[in-house]
Amino acid sequence: KQHKNRKSPQVKNENFKPFVSIMIPAHNEESVIANTIRTVLNLDYPNFEVIAIDDRSTDNTASVLEDLEREFPNKVIAFIRPKEAFPGKSAVLNDALAFAKGEAILVFDADATMEPDFLTNLVYELAPKDVGAVQARKIVRNKDINLLTRCQNNEMTMDTHFQVGRNSIKGAVELRGNGELIKRTALDDIGGWNNYTITDDLDMSTRLHIKGWDVRFCPDTAVYEEGIMYIAPLYKQRRRWLEGTIRRYLEYFWDILTSKKMSMRARLDMIAYISQFIMPAWFIIEIGILVMKILLKDANPHILMSSGIMGCIIGFGFFMACRYSLRRYDNLPRSDAFIQAVYTSVYLLVIWFPLVLFIGTKILFMKKDMNWGK
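To start, this report covers the structure provided alongside it.

Calculation notes
Residues numbered from 1 in each chain as written. Predicted model: local features only at pLDDT ≥ 70, side-chain atom pairs only at ≥ 80, totals over all residues. Heavy atoms only, no water. Axes fitted to C-alpha atoms, helices over the stretch in contact; angles between N-to-C directions. Helix = DSSP H or I, 4+ residues; strand = E, 2+ residues; numbered from the N terminus. Parallel < 35°, antiparallel > 145°, perpendicular 65-115°, else oblique. Contact = heavy atoms within 4.5 Å. Nonpolar A, V, L, I, M, F, W, Y, C, P; charged D, E, K, R; others polar. Buried < 20%, exposed > 50% of the residue type's maximum accessible area, 1.4 Å probe, protein only. Pairing = 2+ DSSP bridges. Salt bridge = Lys/Arg side-chain N within 4 Å of Asp/Glu carboxyl O. Core = buried A, V, L, I, M, F, W, Y, C linked by side-chain atoms within 4.5 Å. Phe/Tyr/Trp six-rings, centres within 6.5 Å; stacked < 30°, edge-to-face > 60°. Lys NZ or Arg CZ within 6 Å of the ring centre and 35° of its normal.

So, the packing of helix 6 (residues 147–168) against helix 13 (residues 334–365)
Part 1: In the contact formed by helix 6 and helix 13, the axes pass within 10 Å of each other and the chain directions differ by 90°. For the element pair helix 6 / helix 13, the angle class is roughly perpendicular. The segment helix 6 lies against helix 13, with L147, L148, R150, C151, Q152, N154, E155 and M158 engaging Q340, Y343, T344, Y347, L348 and W352.
Part 2: Of the residues in the contact of helix 6 with helix 13, the class split is 8 nonpolar, 4 polar and 2 charged.

Concerning the pairing of strand 6 (residues 131–140)
Part 1: Within strand 6, 10 of the 10 residues are buried, leaving the element largely enclosed by the surrounding structure.
Part 2: The pairing of strand 6 with strand 8 (residues 214–225) spans 9 bridges and is parallel. The residue of strand 8 that forms the bridge with K138 is V223.
Part 3: The pairing of strand 6 with strand 7 (residues 180–183) spans 3 bridges and is antiparallel.

With respect to the sheet that holds strand 1 (residues 20–26)
Part 1: One open sheet holds the 8 strands; their spatial order is 3-2-1-4-7-6-8-5, and the pairing between them is mixed. The sheet terminates laterally at strand 3 (76–80) and strand 5 (113–114), the two strands that pair on one side only.
Part 2: Bridging between strand 1 and strand 4 (residues 104–107) involves 4 bridges; their strand directions are parallel. Across the sheet, residue S21 finds its bridge partner in strand 4, namely I105.
Part 3: Docked against the sheet, helix 2 (residues 33–41) engages strand 1, strand 2 (48–54), strand 3 and strand 5, running at close to 170° with respect to strand 1.

Some thoughts on the pairing of strand 7
Part 1: Of the two faces of strand 7, the one lined by E180 and I182 and the one lined by L181 and K183 are each fully buried.
Part 2: When strand 4 meets strand 7, the two strands line up antiparallel, connected through 4 bridges. If you follow L106 over to strand 7, its bridge partner there is L181.

Details of the pattern of salt bridges
Part 1: With the rule as written, the count across this model stands at 24 salt bridges.
Part 2: Residues R166 and E174 are paired through a salt bridge, measuring 3.9 Å at the closest nitrogen-oxygen approach.
Part 3: The class for R166 is buried, based on a relative accessible area of 7%.
Part 4: For E174, a relative accessible area of 3% puts it in the buried group.
Part 5: A salt bridge links K362 to E243; the shortest N-O distance between them is 2.9 Å. With K362 in helix 13 and E243 in helix 9 (residues 231–258), this residue pair connects regions lying 119 residues apart in the sequence.
Part 6: One salt-bridge network, held together by shared partners, links D159, R166, E174, R176, R248 and D269.

Overview of the nonpolar core
Part 1: Among the nonpolar cores identified, the biggest contains 38 residues, and I22, F108, F118, L119 and L181 are the most heavily contacted of them.
Part 2: Once residues within four sequence positions are removed from consideration, F108 is found in contact with I22, M23, I24, P25, V40, M114, F118, N178, G179 and V223.

Brief notes about unusual backbone geometry
Part 1: Positive phi, close to 55°, is recorded for N28, a residue that is not glycine.
Part 2: Topologically, N28 is positioned in the loop between strand 1 and helix 2.
Part 3: With relative accessibility at 27%, the residue N28 sits in the partly exposed group.
Part 4: Positive phi, close to 55°, is recorded for R56, a residue that is not glycine.
Part 5: One can find R56 in the loop between strand 2 and helix 3 (61–71).

Examining the packing of aromatic side chains
Part 1: This model, assessed by the stated rule, comprises 4 aromatic pairs.
Part 2: Note on F79 and F99: the rings are 5.2 Å apart at their centroids and 85° apart in plane angle, and the pair reads as edge-to-face. Pair noted here: F79 is in strand 3 and F99 is in the loop between helix 4 (89–97) and strand 4, with a separation of 20 residues, a long-range link.
Part 3: With a centroid separation of 5.4 Å and 55° between ring planes, the pair formed by F108 and F118 is classed as tilted. Here F118 lies in helix 5 (residues 118–122) and F108 lies in the loop between strand 4 and strand 5, a separation of 10 residues in the sequence.
Part 4: Among the residues examined, F108 registers a relative accessible area of 0% and is labelled buried.
Part 5: The ring of F48 is capped by K75, whose NZ or CZ atom sits 3.8 Å from the centre of that ring.
Part 6: The ring of Y273 carries R166 above its face, with NZ or CZ at 4.2 Å from the centroid.

These figures capture arrangement, not role.
Okay, here's the thing in structure tokens:
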């Protein structure tokens, strides 16, 4: 991809400047939402509106948004959802979409910040007719608070590495919720957001690919957000991410296999991506079998070969991907990248392994819920 770009540099369509509706859903975000909206208003893009949405907050978020609407009457629209409204971020965005004027929709989280040229740089990626959406790189703004926020930033940097790889082969690039820009015609084609998913971004990514839309990733344009500082809420968030990821594969599996519009590259990429959730579960199950053998005093309680192989692949794979990412995208020295890759790999194993087992059990034996996990 890099060689091709050097040989034939991509020419930006300077005339492609669609009107953009910037949507910012907020639930109990009175402490950060004003700063986010003021930052968005500093964007140097000429054609946009801001739709700030209070989603049934119990704090003063609604009044903060109404004050901002009065302060910026031609730019900010305060949309206050009633208390009985259908819950969930997807429903919030669908309600706002009904009156949004934009030819493209840009979604930010309530704690997002960005540089003034964010939209100007990102919008060109949406110009080709087959491109339905584009995702900006995500960076943790408070990464130096503690080890947990540092690991989250390194995790996002590694995700950037994977997304760039998928983007280079026109694979199944995924949206990440914060800093996603979606073409209005693509949204209409898939029927908007899915109200019955807990991961609106991943669900939409899958449906866009099934419908034949290309999703792009832009590593040179970044949106900044706050990392979680404590382990309990981090597990809560990641539980939602993982459950939403696995459920959308179960719900759209047949469509992924049979879609006539989806490219073979995206299909194969998506199927390969599922393996990262299968391998940890397989590994944990085989460890469980080994423990049972020991407890039952089996004469030959050896670990199965596949467990050892998968353990090495997962651990070493995390480490190498993380080290490369930190060198490539965060420009860390070799020694710092090595050390951070070691403890980030441990963090990934501690976070994801037990969650894969828990979510697998939940999906098999428990009823689906809409617990968003704020």
